[in-house]
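Coordinate analysis (summary)
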Amino acid sequence: MKAKILAVLFAVAAFGNTAVALAQGDGPLARLIEAARREDQLDLTITSSQGEKGGKELTDAFKKRFGLNFTVNADLSGQESQKFNQAVAETKSGIPPTFDVMQGEPPVVLDLIQAGGIERIENWEALLQTVSPEAYKVKEKASPVGVAGYGFVWANRVTVLMYNPKAIPQQELPKTWKDLGNPKYRGAFTIPPWTTITLMGLLNYDKDEWLEVVRSWGKLKPQVLHYAAAVERMMIGDLKFLETNTHYYFNHKAKDPSAPIEMSFFSDFTPTREVAYVVRKGAKHPNAAKLFALWATTEEANRIFEKYSVIENLSLGTGPVTRKTLEKLRQANVKPVSWFDNQQSLEKFLWLGTEEGRKYSQAIARAQREGK
Amino acid sequence: MLRVKNLRKSYFMSEGAVPAVQGISFDIDEGVFLTLLGPSGCGKTTTLRCVAGLETPDSGEIYIGNEPVFLDGKGILVPPFRRGVGMVFQSYAIWPHMTVFENVAFPLVHGGFKAPKAQVKERVRKALELVGLAAQENRPAPFLSGGQQQRVSLARALVYEPKLLLLDEPLSNLDAKLREEMRLELRELVKRLKISTLYVTHDQEEALVLSDQIAVMSEGHILQKGSPREIYLDPRHPFVANFVGNANFIEGFVEPGKNGHPDFVVGTALGQMSCRLSSEIAKGERVSLVFRPEDVVIHTTAQSSRVNTFPGIIERLIFLGNRIYCEIRSGAFLLHGETNARTEIQQGANVFVEIPADYVRVLRAQ
Amino acid sequence: MEKVADVSLSSSGVQAAKSLREIISGNSIAVFFAWAACAVILLLTTLILWMSFSRGLPFESGFSPDNYAEVFGSEHFWTVVLNTVGVGLGTVAISIFFGVPLAWLLNRTDIPMRSLFITMLAVTVIMPGLVKAMGWIMLLSPQVGLLNRLVMGIFRLREAPFDINSLWGISFIQGLMLTPSMFFLISGPMRSLDSALEEAAEVVGANRLKIIVWITSPMLWPAILGGIIYIFMTAIAMFEVAGLLGGLSENRILATEIFLAVQPFEGSSEIKYGVAGVYGLLIMAPSLFALFFYFQSLKQAHRYAVITGKGYKPKDFPLGSLRYPAILFVLFYLALAVFLPFAVLLWASLLPSLRMPSVEALSLVSFKWYSEIHYLLGGFDVMRNTLLLVVGSSALVLFFSFMISWVVVRTKLRTRRLVDTISMLPHAIPGIGFAFALLIAGIMTAKWFPWVPFYNTVWIIIAGNVLNRLSYATRITNAALIQVQQELEDAALICGARKWVSMLRVMMPLIRPSLVFAGLWTALLVFREVSMALLLIGPKNKVLATQLWILWRQGDLSQASALSIVLILITGLLILVVQRATGKIGEPRSLPQLGGGG
């Protein structure tokens, strides 16, 4: 009880009038907070890179913000796609969802929406405006086309070129994704076992041209490794460079500024993927879940995410990590692209779900792994 | 005390059913010591285990006291832990993770013969005293010698005063000297306690020393049951004769007597032999004559006047200390005999063997 | 003498009527639990089979052969199969090369420091395979491998002589990793070999080598064959090493194909459960084939039944002047499989991020990550869950394997062969297959019996682990119960003890060393198990193994290494404590004389 009062007091002190207004008002947000308080629990997933410590800081800040004091069960095991798949299975079999609020990329979010597993926040714009005015300003990015009202973006994953400066100087790196197929890079790089990023080439290239580009990589028979393993091997010099998320760069640099890892950008396109929170349909604690999904878009949440997950929120564009990435992007004069930038890009993504698109995906997978 | 009727038991292998016990029946009266004697594989241990309840017979009846413990027709099968018998195993089956005391106390503490705590101590001590191990009660069981383990095993079987004691070759793992000692001790003990006992062994000497009655078994059948004296002196079956002690066997046909002998004689490879024939054996029948080596009299000089005396040559002599064992060839027949250790006799010597007619058993040839 | 006949006679089933009587006569507890375990195994196996025939989730789509068409139609199908068999055989060869001599040296000779060596072998099990692979990359990578550079320098070679990114490399590392399994599988039989038989050979004048080759080895053949089959089955289902060494590109094997199938490509939640199921069945097929041979070898095992008997004294083979080469051999293995990965772990744990050893790197060494250990451990809930997982799984594994072995070894039921076969089935199924089946089963449970606390609890992970470890544990309990003379149990029954009393008071204490060992081994592997746990964890059933894995996966290799070191030290200590408390597991003398006689 004492802790509760203290927390409220602290919240009041920290957020001044807003918090008081939030706690006392009679608007939709106040009702949401009150309902969340009664639910007294929240089960959620948090990106694995946040770590236990960062996860706790995040949920503590969330509780503090709304003067809540309840149990939060956070799952930080990653496996996003697997968790969404499981959620689809749960929805189809009609059992209550494991998590109240989950995070994942819009493509899996779309799958779950289709299965009927995600609760749309009906008055999301009004709520967002009060909970996260900063995100409301960029609301078409905070809840992008295709998943608007369902998914709330808390971060972006930016895929870049990572290299070991001791193994290869920057000027010798491939400049574009197309360059990657140059035979001189045989044995120098790895590709991941998935094609998510590769397929995003469609945002910049024609289908057939892109397939040829990907084949040229596959012909070099690169090692296929998961990002984390690939980065380790690059840092000991076993590999020279690879595509991966900026997270690994920031993470290693934060631990060791002299770590032999640098990043560079492909000038033809830089794939980015949104990561969004969604509220599960039939969630046991739906109001707390909604509150969290909205709050995750705030600068406050972003600060904590950037501190631990070292991950950008490009739509807010304010955190230190984000600013660094944006700065580098500006220097390299490349524009980040995503499937969920606009209606046009979204349609390209949706095409992948058609029979034709599936065949194309398979062709890309084969081209990437085997060069055929 | 124990009644076994028409007991049958087979094992099933990939080749099909293998009969182990083929319809045997016997009784043990109150306080009687009965031994099942036979070579390995004759079904004696299977019989004992059926009585104990460790094997389930295919058919037959078993009564302990007056209680049926197995009746195939009525579906009665009393599990071993309710039969209340005591049993000593060939390997002693002393539990190596317990002390002597714990081993003996087990039936009273964890078994079906629960006794109040205070009594347990007293009764275990008494049982251990009975077998002369009272001083060893706190020793871990594996640190005992074989003989001591055997005693522990016995104490464990006696501590709950069972109505029937089952002993499964309990002495076979002891060395010869110890075996003889334990044999006598066991007889003393069983006699003193007047406990009905079923004993299984392949050792004929053991059987003769210990038993009130012996049942000789072969291939799942009881061939003969009787006192040790009957079994030894009056075997009714060549197998019994041969298995209990040594025996000479000679086959022949019953012929009418000659030369003033009123009785029938038997024509054999040795020549004509007179012997006492029981009335059921008729003239012309094929018979086996059985006589023991120690009944054969060996003469170094001709004894023409005597009956059943045949010339022979000593083929082999084995000095056994208390006697000499001889193999004597007479015509085509090789005869086993024994003579006093002090007899002066050499290999290759010509001798005359006499087989006293009274000691020859005539059995119908099988 | 008839006793021997009894045992072998009873080895192949009895009439039905008899079975019923046996059940009534007191084995019903064992039969009940053994069949309960078997029923669950069969149920989940059926679910996997079902999965292989449906395109989506088993309960939402009908039967279709598409998955099979996809797998068998793949142009790489035969490459994958051949690679897999190659890796399996290679792993077996390496683990025999090290495991068999180690088992003999540490069990039957007078080599010093046995207890310590054996503890080390046990501890290696919890070292993550990932680290071992990483260590070998640092040594044998064609680009930066220290050993490669050394050899190239000495012989002035232009090309690196070794390439760890090959089927050879995978087999080599897997072989090193599975050597302890081989070691522990054959240690039991090795210890209980009657040395009188060796002595007999010595008396006839055979020299030592000949004794080993002609007397010891043939007698151990069934155990070694069992080990080979076990290792082969484990090797072809292992992902962690191959996944790092080209298994996802040119060195593709069944396990990596499964990984690709169940690893939803990022950005899509579509998981090819069905295709994974087909690959799982492909792993099962040779395993079942191998099982057939395993049981064949067991059938003949009575020929080798030299176990126990009176006058059995384990006697240590005097090594004499061979002592030093023997110690060197043990150290050689330990260097490759224990010291090296441990050194890599230690090195990584002291650095901000992984580097090749250099003067510069040395200046970065710090204990920073160790000071953050409490965060890495993940808090009280994680510890409690882990404890429940490890203790619960081990206890249940012991209980069920005891019950199964009881039915298999100590009854004459006609169905016992079947029980034995079913209990080996989980070993043929990759853990991840069980995890998927359990996930489906968990969802179905939550749907139909919402009041059963299973889905998203520690118990679902426990269930997976119990199934996964049951085969290994039943091998141990089978072997242990076979060694206990029938008469020791009979004696308890005669004393008026009911069947369960004799199990509890006589049989369990008699095979205690085996039970302790099986429990400890299970605990270690459960503690380390991550692939199933990852699929089955939710918000409230997190365990340490997944925490560790997440650290690896997100690139925090150094923190993960620090955590690993701490866990290894704690586990090592625990093993030593358990050894002290229960009579040394490592010492051959701790084996009780299971015959009742002296």
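Look a little higher up for the structure.
Okay, so let's go over this structure.

Here's the deal with the overall build of chain B
Helix and strand counts for chain B come out as 8 helices and 21 strands. Within chain B, the fraction of its 366 residues that count as buried is 52%. For chain B, the share of sequence-separated contacts (at least 6 apart) that also reach a separation of at least 24 residues comes to 64%. For chain B, the exposed area adds up to about 16300 Å²; of that, 48% sits on carbon and sulfur atoms.

Digging into the sheet that holds strand β2 (residues 16-28) of chain B
Residue and element names in this part refer to chain B. Spatial ordering of the open sheet is given by β2-β1-β4-β5-β6, a layout of 5 strands whose pairing is antiparallel. Whereas interior strands pair on both sides, the edge strands pair on one side only; in this sheet they are β2 and β6 (76-77). Bridge count for strand β1 (residues 2-13) against strand β4 (residues 59-64) is 5 bridges, and the pairing is antiparallel. The residue of β4 that forms the bridge with Lys-5 is Glu-61.

What about helix α12 (residues 246-255) of chain A?
Of all 10 residues in α12(A), 9 are buried; the element is thus mostly enclosed. Considered for burial, the residues of α12(A) that qualify are Thr246(A), His247(A), Tyr248(A), Tyr249(A), Phe250(A), Asn251(A), His252(A), Lys253(A) and Lys255(A).

Focus on the packing of helix α4 (residues 77-108) of chain C against helix α14 (residues 323-350) of chain C
Residues and elements named next belong to chain C. The N-to-C vectors of α4 and α14 enclose an angle of 130°; their axes lie 11 Å apart at closest approach. With respect to their mutual orientation, α4 and α14 come out oblique. The crossing of α4 and α14 is left-handed. In contact with Phe-97, Phe-98, Pro-101, Leu-102 and Leu-105 of α4, α14 contributes Ala-326, Phe-329, Val-330, Phe-332, Tyr-333 and Leu-336.

Details of the packing of aromatic side chains
All names here are of chain A. Scanning all chains against the criterion turns up 48 aromatic pairs over all chains. Ring centres 6.3 Å apart and planes at 70° place the aromatic pair Tyr-205 and Phe-269 in the edge-to-face group. Here Phe-269 lies in the loop between β9 (262-264) and β10 (270-280) and Tyr-205 lies in the loop between α9 (196-199) and α10 (207-218), a separation of 64 residues in the sequence. With respect to class, Tyr-205 is no different from Phe-269; both count as buried. Site record: aromatic cluster; members linked through ring pairs are Phe-62, Phe-66, Trp-154, Tyr-277, Phe-292, Trp-295 and Phe-305.

Describing the sheet that holds strand β19 (residues 333-340) of chain B
Residue and element names in this part refer to chain B. Read from one edge of the open sheet, 5 strands run β16-β20-β17-β18-β19, paired in antiparallel fashion. Only two strands of the sheet have a single neighbouring strand rather than two, namely β16 (297-299) and β19. Strand after strand, the sheet turns through a mean of 45° between neighbouring axes, direction not considered. In this structure, strand β17 (residues 309-319) lies alongside strand β18 (residues 323-330), joined through 6 bridges in antiparallel fashion. Bridging from a neighbouring strand, Arg-316 pairs with Glu-327 of β18.

What counts and what doesn't
Residues numbered from 1 in each chain as written. Chains lettered and ligands numbered in written order. Predicted model: local features only at pLDDT ≥ 70, side-chain atom pairs only at ≥ 80, totals over all residues. Heavy atoms only, no water. Helix = DSSP H or I, 4+ residues; strand = E, 2+ residues; numbered from the N terminus. Buried < 20%, exposed > 50% of the residue type's maximum accessible area, 1.4 Å probe, protein only. Contact = heavy atoms within 4.5 Å. Areas by Shrake-Rupley, 256 points an atom, 1.4 Å probe, with all protein chains shown as cover. Pairing = 2+ DSSP bridges. Axes fitted to C-alpha atoms, helices over the stretch in contact; angles between N-to-C directions. Parallel < 35°, antiparallel > 145°, perpendicular 65-115°, else oblique. Left-handed = near helix turned anticlockwise from the far one by under 90°. Phe/Tyr/Trp six-rings, centres within 6.5 Å; stacked < 30°, edge-to-face > 60°.

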